[in-house]
Each structure stands twice: as C-alpha cells, then as structure tokens.
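Chain and residue survey
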Amino acid sequence: MMQVRLPAGTIEYTDDGDGPPVVLLHGLIMDETLWDTTLPLLPKGFRYIRPVLPLGGHRVSMNPDADLAMPGMVNLVADFLDALDLHDVTLIHADWGGGLFLTAIGRDDRVSAMVVLPCEAFENFPPGLPGRMATLATKLPGGITLAARQLRIGWLRRTPLLFGAMVRHPIPDEVVRRWTEPCLRNPGVRRDLQKYTATAFDDAALIRDTEALAGFGGDALVLWSPENRVMPPSHGRRLADLIPRARHAEIHEAYVLSMLDQPAAVAREIGTFLTRVPATGQ
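Conventions adopted
- Residues numbered from 1 in each chain as written.
- Predicted model: local features only at pLDDT ≥ 70, side-chain atom pairs only at ≥ 80, totals over all residues.
- Heavy atoms only, no water.
- Helix = DSSP H or I, 4+ residues; strand = E, 2+ residues; numbered from the N terminus.
- Buried < 20%, exposed > 50% of the residue type's maximum accessible area, 1.4 Å probe, protein only.
- Contact = heavy atoms within 4.5 Å.
- 1 Å grid on protein atoms, 1.4 Å probe; cavity = no way out; pocket = protein on both sides within 12 Å on 5 of 7 lines; lining within 4 Å.
- Points joined across faces, edges and corners; volume = space filled by probe spheres on them.
- Nonpolar A, V, L, I, M, F, W, Y, C, P; charged D, E, K, R; others polar.
- Polar contact = N/O pair within 3.5 Å; in protein donor to acceptor, adjacent residues only side chain to side chain.
- Pairing = 2+ DSSP bridges.
- Axes fitted to C-alpha atoms, helices over the stretch in contact; angles between N-to-C directions.
- Parallel < 35°, antiparallel > 145°, perpendicular 65-115°, else oblique.
- Salt bridge = Lys/Arg side-chain N within 4 Å of Asp/Glu carboxyl O.

1. Here we look at the environment of F201
- In this fold, F201 is placed in the loop between α6 (187-197) and α7 (203-211).
- With relative accessibility at 26%, the residue F201 sits in the partly exposed group.
- Along the backbone, F201 and Y255 are 54 residues apart, and their C-alpha atoms lie at a distance of 24 Å.
- The residues contacting F201, other than those within four sequence positions of it, are M70, F125, P126, Y196 and L206.

2. Some thoughts on the layout of surface pockets
- The computed volume of the largest pocket comes to approximately 600 Å³.
- Lining the largest pocket are 33 residues, and of these P130, G131, M133, A134 and T135 sit closest to its centre.
- Every element with two or more residues in the lining of the largest pocket is listed here: α2 (128-139), α3 (143-151) and α6.
- Residue contributions to the lining of the largest pocket peak at eight residues, all from α2.
- Counting only elements with at least two residues in the lining of the second largest pocket, the list comes to α1 (70-83) and α7.
- The residue inventory of the lining of the second largest pocket, partitioned by class, reads ten nonpolar, two polar and two charged.

3. Focus on the side chain of T180
- Locating T180 in the fold gives a position in helix α5 (residues 173-185).
- The exposure class assigned to T180 is buried, which follows from its relative accessible area of 1%.
- Within polar-contact distance, the side chain of T180 engages the side chain of R152 at 2.8 Å.
- With sequence-adjacent residues up to four places away left out, T180 is seen in contact with I29, A148, L151 and R152.

4. A closer look at the sheet that holds strand β5 (residues 89-95)
- If you trace the eight strands from one edge of the open sheet to the other, you get β1-β2-β4-β3-β5-β6-β7-β8, paired in mixed fashion. Edge strands, defined here as strands with exactly one partner in the open sheet, are β1 (2-6) and β8 (245-250). Geometrically, the sheet is characterised by an average inter-axis angle of 20° between neighbouring strands, direction not taken into account.
- Inspection of the sheet shows strand β3 (residues 21-24) paired to β5 by three bridges, in the parallel sense. When the bridges of β5 are listed, V23 appears paired with L91.
- Its contacts with the sheet place helix α8 (residues 233-242) against β6 (111-119), β7 (219-224) and β8, and it is angled at close to 170° to β7.

5. Structural notes on empty space enclosed by the protein
- Counted according to the given criterion, the structure contains one cavity of 30 Å³ or more.
- Reported here for the largest cavity is a volume of approximately 40 Å³.
- Taken together, L91, G99, L100, L102, T103, D108, V111, M114 and L213 make up the full set of residues lining the largest cavity.

6. Structural notes on the packing of α7 against α8
- Closest axis-to-axis distance for the α7/α8 pair is 10 Å, and the angle between their directions is 50°. The angle between α7 and α8 places the two elements in the oblique class. When α7 is examined against α8, the residues I207, T210 and E211 are found in contact with a partner set consisting of R238, L239 and L242.
- Its residues assigned to classes, the contact of α7 with α8 comprises three nonpolar, one polar and two charged.

7. Structural notes on the pattern of salt bridges
- The full count for this structure, using the stated rule, is 20 salt bridges.
- Salt-bridge contacts for D82 lead to R110; the nearest nitrogen and oxygen are separated by 2.6 Å. Placement of the pair is D82 in helix α1 and R110 in the loop between β5 and β6, with a sequence separation of 28 residues.
- Residue R110 is classed as buried on the basis of its relative accessible area of 16%.

Given below as structure tokens:
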C-alpha cells in the first residue's frame, strides 16, 4: 500500500499500471479490495488508483479534527486527486455517492470522465434499508462494533438488513473480516465513521447537488443494475439523462455491488468506455 498526506489525514491507496488515471471509489465499511476481482480484467494502458476512503473500512484513522461529514468527504476526494497531481481522471463511483458532488462544489477540474455504478444519488442518502440500519448502528453506544460483528456472521450478513440487498452472491468471509477489522480494533476508525454518518442530510440540497452534474463537461457511463432495490433503477436513467454526455448501460443478475456479482461484465463495460474516451493523464 502507498500513502499520501491530505489536510484531513493520511490516505492509503494502491497504484497499478501506467497511462491515463482511473480512480476507483468504494462504499461504507469497505476498502480497495472491493475491486480485486474486476481489476485484473480491466484493459492495460491505464493507471488504476484505489484510495481507501475513511468510511469505516480504512486502517489509518484521520486527524482528530478532520471534517468527515459529507462536505468534508467530497473535498477529501478532490484533495486526493490534487495531492497525486492527477489530470484527465476517469472517476468510478460505486455505492457511496459523495464523489458525484465534485461538480457541485466546483472541484471536478481534474475529472474528464466518470463511470457511475449503482450508488447514492439525489435524495437517496443514506440508501435504502441497509443504509438506514448502518446509520442507526453508528448512533447507538457500541453499535458500530456490534454491526461489524454481525457482518461476520454469514446468515446475518445475507439478510436484507445488511449485505443481502447489496450483493446477489455471498461475499467471502475473508473479505468481510478484512473490511470489518478496522472498526473492531481501532477507536479512531469508529470515530471517523461516526463523523460521516452524523451528516445532516437535506433532500433538497442533495437533489440540487446531484443535478449540478448537468454542468459536467466530460463523458460518462452510467452502469446500473436494475435488479437492485437499494439504489433505485430509476436513478440510473435519471443520471444518464442529466449528464449531457452520458450513456446508460445495465448489468443484470447483480445488485448494488455489481463488480462482485458480475466482475467480467462490469470490466467489459468499463473497458469499452475507457478505450473510447481520449485521455492523457499523469
């Protein structure tokens, strides 16, 4: 793992390949390994960068005074692109939708293209039953630890309250153990996660900030999974209609985490998009 120092603290990341940069994001209580099965299937000739965002699966806690509510997290993504001095980035969104707001805050200048897999958008923050349950857990004494332990129990993990609505196929135990270990062992990680989930979401502001994507000038692929019910299928079409240079495509037999359910299909669509988008980055 590599590390970079940001105003909010140290971010770990992986950096594979050479060429135009592709930055792959992840969701709550996950890390860069979300993309492990898809990454080897993506085309050569690109630089694939996977930051570990402070969303509960990170192993290095942020500065105690770091702003990790939604606005702070959006700025953190922009700070990461700045710190690595990346240009003409293809930014890939999955599950967590905060990265979509870079345009709204005027910090998308380093992003020339995006791929949007099922993720939070418009008023869907936190998303569906799993998102509401995760947020509730962080507000209860000992709730984060309890939730992390529950995720390690296979039959509980597969219920709609947890990951059952997120993935069609079970996530391996070793993956979930890795994702939950920081929450169980590091009080700073639990603190960071609580800061994010304490965000006071306002539906009107969320919709406005998502709709700012109408001003995004790059190419986009909205790669939705219509069988998922956590990120509404209508949001995929709505995003594709909103972004001026967007194309809509679908991944079937998959839920929110389509890169786990259908890694080959996801890699094929992303690869086709990448090789059609002219980009010259660092």
